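Residue-level structural notes
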Amino acid sequence: MTWIKTTFEYLSMSLFEISGNKISLMSIFLAIGVFFLTTTLAKMSERFIDKILIDKQIDSGVRGSIVRISRYIVLFIGIMITLDTVGISFSSLAALGAVLMVGIGFGLQNITQNFISGLIILLERPIKVGDFVSVKDTSGKVVEIGARSTLIHTRDDVAIIVPNSQFISEQVINQSFTGSNMRMTVNVGVAYGSDTEKVKDVLLDIASNSTGILTNPPPKVFFENFGDSSLDFSLAVWINDIWDNRGTLSNVRLAIDKRFREENISIPFPQRDIHIIKEA
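As a starting point, this report considers the structure included with it. (Residues numbered from 1 in each chain as written. Predicted model: local features only at pLDDT ≥ 70, side-chain atom pairs only at ≥ 80, totals over all residues. Heavy atoms only, no water.)

Across its full length, the chain holds seven helices and 10 strands. For the chain, long-range pairs separated by at least 24 residues make up 62% of all intrachain contacts whose partners lie at least 6 apart in sequence. Accessible surface for the chain amounts to roughly 18400 Å². Of this, 59% is attributable to carbon and sulfur atoms. (Helix = DSSP H or I, 4+ residues; strand = E, 2+ residues; numbered from the N terminus. Contact = heavy atoms within 4.5 Å. Areas by Shrake-Rupley, 256 points an atom, 1.4 Å probe, with all protein chains shown as cover.)

Another aspect to go through is the pattern of salt bridges. Inspection of the entire model under this criterion finds six salt bridges. The shortest N-O distance in the salt bridge between Arg 259 and Asp 205 comes to 2.7 Å. One end of the pair, Arg 259, is in helix α7 (residues 245-262); the other, Asp 205, is in helix α6 (residues 196-208), with 54 residues separating them in the sequence. Notably, a salt bridge pairs Arg 261 with Asp 257, separated by 3.1 Å at the nearest N-O pair. (Salt bridge = Lys/Arg side-chain N within 4 Å of Asp/Glu carboxyl O.)

On to the packing of aromatic side chains. Applying the stated criterion across every chain, the model contains two aromatic pairs. Here Phe 223 and Phe 226 contribute two aromatic rings whose centre-to-centre distance is 5.2 Å and whose plane-to-plane angle is 55°, an arrangement assigned as tilted. Residue classification places Phe 223 among the partly exposed residues on the basis of a relative accessible area of 37%. In textbook terms, an aromatic cluster arises when at least three aromatic residues are bridged by ring pairs, as seen for Phe 223, Phe 226 and Phe 233. (Phe/Tyr/Trp six-rings, centres within 6.5 Å; stacked < 30°, edge-to-face > 60°. Buried < 20%, exposed > 50% of the residue type's maximum accessible area, 1.4 Å probe, protein only.)

Looking now at the sheet that holds strand β6 (residues 159-163). Spatial ordering of the open sheet is given by β6-β5-β4-β3-β7, a layout of five strands whose pairing is antiparallel. With partners counted over all chains shown, the strands left at the sheet margins are β6 and β7 (172-174), one partner each. Neighbouring strand axes in the sheet, compared pairwise and without regard to direction, differ in orientation by 40° on average. Judged from the four bridges that link them, strand β4 (residues 138-145) and strand β5 (residues 149-153) form a sheet pairing that is antiparallel. Within β5, the position partnered with Glu 144 by the bridge is Leu 151. (Pairing = 2+ DSSP bridges. Axes fitted to C-alpha atoms, helices over the stretch in contact; angles between N-to-C directions.)

Now for α6. Along its 13 residues, α6 runs 18 Å from first to last C-alpha, staying within 8% of the 18 Å computed at 1.5 Å per residue. Taken residue by residue, α6 has Val 199, Val 202, Leu 203, Ile 206 and Ala 207 as its buried positions. Axial view of α6: buried residues confined to an arc of 135°, hence all on one face. Structurally, α6 contributes buried residues whose contacts are with β8 (182-190), β9 (220-226), β10 (231-239) and α7. One side-chain oxygen at the N-terminal end of α6 lies 3.2 Å from the backbone nitrogen of Glu 197; it belongs to Asp 195. (Expected span 1.5 Å × (residues − 1). Arc of directions from axis to C-beta. Polar contact = N/O pair within 3.5 Å; in protein donor to acceptor, adjacent residues only side chain to side chain.)

Another point: α7. With 18 residues, α7 extends 26 Å from end C-alpha to end C-alpha; this agrees with the ideal 26 Å at 1.5 Å per step. The set of residues buried in α7 consists of Asn 245, Thr 248, Leu 249, Val 252, Ile 256 and Phe 260. On an axial view of α7, the arc spanned by its buried residues comes to 100°, and they lie on one face. Away from its buried face by more than 90 degrees, α7 exposes Arg 246, Leu 254, Lys 258 and Arg 261. Following α7 by one or two positions, Asn 264 has its phi on the positive side, about 60°.

Attention now moves to the sheet that holds β8. Read across the open sheet, the three strands follow the order β8-β10-β9; overall the sheet is antiparallel. Each edge of the sheet is formed by a strand with only one pairing partner; in this case those strands are β8 and β9. On average, each strand axis in the sheet is tilted by 25° relative to the strand beside it, whichever way the strands run. Sheet topology places β9 next to β10; six bridges connect them, and they run antiparallel. Counterpart to Val 221 in the pairing with β10 is Leu 235. Across the sheet, α6 is in contact with β8, β9 and β10; its angle to β10 comes to roughly 20°.

The next point concerns the nonpolar core. In this structure, Leu 203, Phe 233, Leu 235, Ile 256 and Phe 260 are the most contacted members of the largest nonpolar core, which totals 24 residues. Elements with a contribution of two residues or more to this core: β8, α6, β10 and α7. Aside from chain neighbours lying at most four places away, what touches Leu 203 is Val 188, Val 221, Phe 233, Leu 235, Ile 256 and Phe 260. (Core = buried A, V, L, I, M, F, W, Y, C linked by side-chain atoms within 4.5 Å.)

What follows is the structure, given as structure tokens:
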């Protein structure tokens, strides 16, 4: 008992003071315990809310935002309790905030900027989990939106971590913002003298019989231009599999090449006449 009493006295011994509040090893250990308990409760609340909302008719991106924000709320409450455990009152947070601002000025700008950008993404939802986005030279599906960064999964099975601030400050292309359908275009040129109506009918027939191409909205063919070596057409189609759009368009191009051969429609290539002049 004497040993326990002595140990307790050492743990309760004041190490330093913050705004008149004495900080001891006991209060520090207690604060650490409260903080780890808070993080555990935050994860549990995240899973609990996700389990409740998963059966509701709520968009997956909205559900992800609600789940993530609920976790931040639990963490914020836990941090406040942790600070109160070590004796830092709300009135003392002003001085702590000033210290943090100085720290931000010396090198925490990026962390703060990315965190605030993450909150903006969760609230305004310019992107959400499951969207297919392109930012700078990165394209892929949004897998997770974190506090400081967003995880993107590319078609090449590569995971890329993108800072949240890039989605706010940079130009972002969200190809699935309005839904899972996306309009894609296949360009093709035919030789001068070809029957343009026949070309149009063949392209529409190919689109109507291709796997992955939607019939509503229907595909359309446009006569784009009189090119240098060809009559330029474009086939605009709607697809609902954004992730595999390359494979779908590849199959359409293969079908075009096959049908054009069968219909004797020529796909030209650039040709140039070279005149060699011999000096006398």
